[in-house]
Amino acid sequence: MNTSMTTVKEEFHKLIEEIEDENLIASYFELFLHLTKKKDGSLMQGLTNHEKSELLLSYIESHNNDNLVKHEQLYNEYSKWLEK
């Protein structure tokens, strides 16, 4: 393992140790399991490393309510496309 990979793993472990919320760490664990599973035909295998990173970042940011948009706001903004 090269030095940069060692550093990344050490930093990853530090981040994990800093999380106190049991539900949050369980969610990250489930996400990490899904991201690392290697099954033929899985959606994750079709993503680039950059796309996987963006997906993980989006998931992490979704735990902050300030980053979420209310359903009503989305409905109002996009209602013209939702009508038949």
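Residues numbered from 1 in each chain as written. Predicted model: local features only at pLDDT ≥ 70, side-chain atom pairs only at ≥ 80, totals over all residues. Heavy atoms only, no water.

## Here we look at the packing of helix α2 (residues 22-36) against helix α3 (residues 49-61)
And then number 1: It is at 12 Å that the axes of α2 and α3 come closest, and there the two elements cross at 165 degrees. Taken as axis vectors, α2 and α3 run roughly antiparallel relative to one another. Once α2 is placed against α3, the crossing between them reads as right-handed. On α3, the residues touching Ser27, Tyr28, Leu31 and Leu35 of α2 are Leu56, Tyr59 and Ile60. (Axes fitted to C-alpha atoms, helices over the stretch in contact; angles between N-to-C directions. Helix = DSSP H or I, 4+ residues; strand = E, 2+ residues; numbered from the N terminus. Parallel < 35°, antiparallel > 145°, perpendicular 65-115°, else oblique. Left-handed = near helix turned anticlockwise from the far one by under 90°. Contact = heavy atoms within 4.5 Å.)

## Some points on the packing of aromatic side chains
And then number 1: Enumeration over the complete set of coordinates arrives at three aromatic pairs.
And then number 2: Aromatic pair tyrosine 28 and tyrosine 59: ring centres 6.2 Å apart, planes at 65 degrees, arrangement edge-to-face. With tyrosine 28 in helix α2 and tyrosine 59 in helix α3, this residue pair connects regions lying 31 residues apart in the sequence.
And then number 3: Overall, tyrosine 28 belongs to the buried group, its relative accessible area being 18%.
And then number 4: The lysine or arginine in question, lysine 80, covers the ring of tryptophan 81, its NZ or CZ lying 4.7 Å from the ring centre. (Phe/Tyr/Trp six-rings, centres within 6.5 Å; stacked < 30°, edge-to-face > 60°. Buried < 20%, exposed > 50% of the residue type's maximum accessible area, 1.4 Å probe, protein only. Lys NZ or Arg CZ within 6 Å of the ring centre and 35° of its normal.)

## As for the environment of leucine 43
And then number 1: Within the element layout of this structure, leucine 43 appears in the loop between α2 and α3.
And then number 2: Between the alpha carbons of leucine 43 and glutamate 61 there is a distance of 21 Å; along the sequence they are 18 residues apart.

## Brief notes about a nonpolar patch on the surface
And then number 1: Taken together, the side chains of Val69, Leu74, Tyr75, Tyr78, Trp81 and Leu82 present a nonpolar region at the surface, about 650 Å² in accessible area.
And then number 2: Residue position: leucine 74 is located in helix α4 (residues 71-82).
And then number 3: Overall, the relative accessible area of 38% leaves leucine 74 in the partly exposed class. (Patch = residues over 30% accessible without salt bridge, like charges linked within 9 Å, V, L, I, M, F, W, Y side chains within 5 Å. Areas by Shrake-Rupley, 256 points an atom, 1.4 Å probe, with all protein chains shown as cover. Salt bridge = Lys/Arg side-chain N within 4 Å of Asp/Glu carboxyl O.)

## Details of the pattern of salt bridges
And then number 1: One pass over the structure, following the stated rule, counts one salt bridge.
And then number 2: Of the charged contacts in the structure, one is a salt bridge between lysine 14 and glutamate 11, with a shortest N-O distance of 3.3 Å. Placement of both lysine 14 and glutamate 11 in helix α1 (residues 3-18) is noted, with a separation of three residues, approximately one turn of the helix.
And then number 3: Under the relative-accessibility criterion, lysine 14 is labelled partly exposed at 47%.

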